[in-house]
Amino acid sequence: MSYGDDKWTPMGHEGMVLSRSKTHKFLRVTIRGFTWCDWCKGFIWGLGKQGLNCAECRYTIHNKCEEKILRSVDEEKKMCKVARGVPAKGERPIFRFKVKEKGYGDALVEVDPNESIPALYIYSAKEKKKVRCTDVIAEKPLLNPRHLSLRTPGREITVQFSSRREREQLAGALSYLSHRVTSSAPVPLKVWVGTWNMGDAPPYDERQLTAWCKVHEDFDIICFTVQECEYKPRAGYKSCEEDWFKTTEALVGPKYFRVDKLSLQKIRMIVYAKTTHRDYINTVCSRTEATGIGGVYGNKGGVCVSFTIRETRLCFVGCHLAAHQEKVQDRNSDYMEIVDEMSKKLSGRKNFWFTNEYHHVFWAGDLNYRIDYDRGKVVQMCYQGLEGWKELYNHDQLQKELAKETVFIDFNESQPLFQPTYKYDRMKNVYPDDSKQRIPSWCDRILWKSFSDEVITQEDYYSAQTVFGSDHRPVYAVFKLECKNPYIPKSITSNLAISSGAVADIVDKKPESYFRIEQLRGHKLDSKDAGGYSDPYVVFVSNVLADDFKTQRKNKSLNPVWEDKEVPLLYVNFDERDYLEQDYLMLNVSDWDSTSADDPIGQAHISLRGICDGRKHNFCVRLLGKAGRVCGFLTVFGLGMR
């Protein structure tokens, strides 16, 4: 049956084709299984009982031509416009994004702000229907800046956007509509970090642990990391791991929930957060790295838990490094192995150390660095209080290695103003004589590293001398920092304001702003090639950039100079000064290799705070690891007064 020149051609379950004649102005839809509706950009899921159904505008293309009532193009568009939810006066527009659902292909994500409880709708290729989700938490995986994990009660999907900008738009819309973010002002955060080598014995008295973790001080984040935690489980527990983790759970109480936990043989870590932070914590990740016997046994090594709270990325590392007085280089090697191998598992960037991916990194554990001094004199000075401890610190191995920048580069540690934490009598605060004549030392340490311009202070750093059971005494540190709130671009908030017949889909101007790097040059870069040279190039990375941008490489040079045309313009996601100034520009310098993977030379970061004023700003940053310097001029163009 035909209507003029228009014919329906059945094509089984693969789809069908509708032609359009000039006379009748009928709309042509081409369908091949799973595709888009040409009228409303919704999904065509395939053949239903009566025909092919558009999940968005509910329009049905019938199998039988005689059942099909064709409308004019104008009439169809009018019908679909109403169905799509184009807001009338006083309504707010719908956010709609075409995405790819991980493992299933094309999908559509939609946020309707006009509902009393704003919800996320997902048109999934998996379920082939429209799914309504509430209480959505958006997670931004570090490993892929175009991915967004959407987590709701009972459901979690990962979607991929065509651009980073779209990801930021949806994440911003969800934050805004959920009212989880009511202000751009930073939120104060109190963090407790504790480490203890338990000596393969349970706490002598669990009540003593309150001297270590003083929960009544109302911490926001609590991180326990322990070493040599392997003892016969006490009554009611099936394993030592369960015993210890349940002990910490009882200690912190019901005001806290567990963020994550993990073990590497005897090395364990568990992180808690206040229940009031539950909806703000996401992108939780945990990893382990063994450095023990043969480089694979887990008696030595590191464990790590990282996550994002609001818009601040935190990373906690616990470790147990090589023992014995003379093994300084082995301890240094263990540290570097943990950093290198963890970076492959944690870092979202090629050739990036994971310690450069987070706003704050807290590193605690039995680092095993000793005091190089006569044992008899060390024992005497241990009991002399501050005066003796300050003198002992001059002979501390870790303090010397930090000064030489051989380990823990850019990390900070306050001078320990407490007695050395090893080697004690297990039940008394005395340093007993033993056959090996081990020198009392600050084996148990806590260090931290933060981006420049991040607000953080250490409020306490001490040991709990009344916690017995081990030949070590536990150590703790308390930090106070400012937690960033997600910045919601004005293109989001302005579209979510009450509108007067605004367009349904968010269609805003493509950003015109960009960073320009001029007179870029390197100075005394590390040599990575056999001939004593490198072939360096620079990759610029930031959450505010539309993509990662790479310079051209310079051959056989440790002091490269790039012409301005060899450095790309760094385009941004949004033309908003406040948005740009809340982040950092990361520089990753690598050595190009034609026969193997490129070698990392070093990384650095530049704070964007205060430089988005249109003026040319000079920068000269040191690459992490004493790998040289990179200098140049940075200017923002196209931002104007916005």
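Quick note: structure is the one above.
A. Quick look at the environment of E326. Along the chain, the position of E326 falls in the loop between β21 (312-320) and α4 (328-346). A relative accessible area of 59% places E326 in the exposed class. Counting along the chain gives 71 residues from E326 to Q397, while the straight-line C-alpha distance between them is 10.0 Å.

B. Representation of the sheet that holds strand β20 (residues 301-309) within the structure. Pairing within the open sheet is mixed, and its five strands lie in the order β19-β20-β21-β22-β23. Each having just a single partner strand, β19 (281-290) and β23 (444-450) make up the two edges of the open sheet. Within this sheet the neighbouring strands show an average axis-to-axis angle of 10 degrees, counted without direction. Note that β19 and β20 share eight bridges and pair antiparallel. Paired with I281 across the bridge in β20 is I309. The sheet contacts of α4 involve β19, β20, β21 and β22 (360-366), and relative to β19 the element is tilted by about 135 degrees.

C. Seen up close, the packing of aromatic side chains. The tally for this structure, following the rule as stated, stands at 26 aromatic pairs. Three or more aromatic residues joined by ring pairs make a cluster, and in this case those are W192, W196, W212, F224, W244 and Y272. Positioned above the aromatic ring of F637, the side-chain terminus of R516 is 4.7 Å from the ring centre. Directly above the ring of W592 sits R553, whose terminal nitrogen or CZ lies 3.7 Å from the centroid.

D. Molecular detail of the pairing of strand β30 (residues 584-591). With eight of its eight residues buried, β30 lies for the most part within the structure. As defined by bridge partners, strand β27 (residues 536-541) adjoins β30 across six bridges and the pair is classed as antiparallel. By the bridge assignment for β30, P536 is matched with D591. Pairing analysis gives eight bridges linking β30 to strand β31 (residues 599-607), with the strands arranged antiparallel. When the bridges of β31 are listed, S590 appears paired with P600.

E. Just the environment of A171, in detail. By the element assignment, A171 lies in helix α2 (residues 164-178). Between the C-alpha atoms of A171 and K140, which are 31 residues apart in sequence, the distance is 8.5 Å. Apart from the residues within four sequence positions on either side, A171 is in contact with K140 and L148.

F. Representation of the side chain of E566 within the structure. With respect to the helices and strands, E566 occurs in the loop between β28 (549-550) and β29 (570-571). What makes E566 buried here is its relative accessible area of 13%. With near-sequence residues (within four places) excluded, E566 lies in contact with T551, Q552, K554 and V561.

G. Broad picture of unusual backbone geometry. Note that the residue after Y422, namely K423, is joined by a cis bond; omega there is 5 degrees. Topologically, K423 is positioned in the loop between α7 (397-404) and β23. Here D453, not a glycine, exhibits a phi torsion of approximately 75 degrees, which is positive. By the secondary structure assignment, D453 is in the loop between β23 and β24 (456-463). Judged by its relative accessible area of 38%, D453 is partly exposed.

Cut-offs used in this document
Residues numbered from 1 in each chain as written. Predicted model: local features only at pLDDT ≥ 70, side-chain atom pairs only at ≥ 80, totals over all residues. Heavy atoms only, no water. Helix = DSSP H or I, 4+ residues; strand = E, 2+ residues; numbered from the N terminus. Buried < 20%, exposed > 50% of the residue type's maximum accessible area, 1.4 Å probe, protein only. Pairing = 2+ DSSP bridges. Axes fitted to C-alpha atoms, helices over the stretch in contact; angles between N-to-C directions. Contact = heavy atoms within 4.5 Å. Phe/Tyr/Trp six-rings, centres within 6.5 Å; stacked < 30°, edge-to-face > 60°. Lys NZ or Arg CZ within 6 Å of the ring centre and 35° of its normal.

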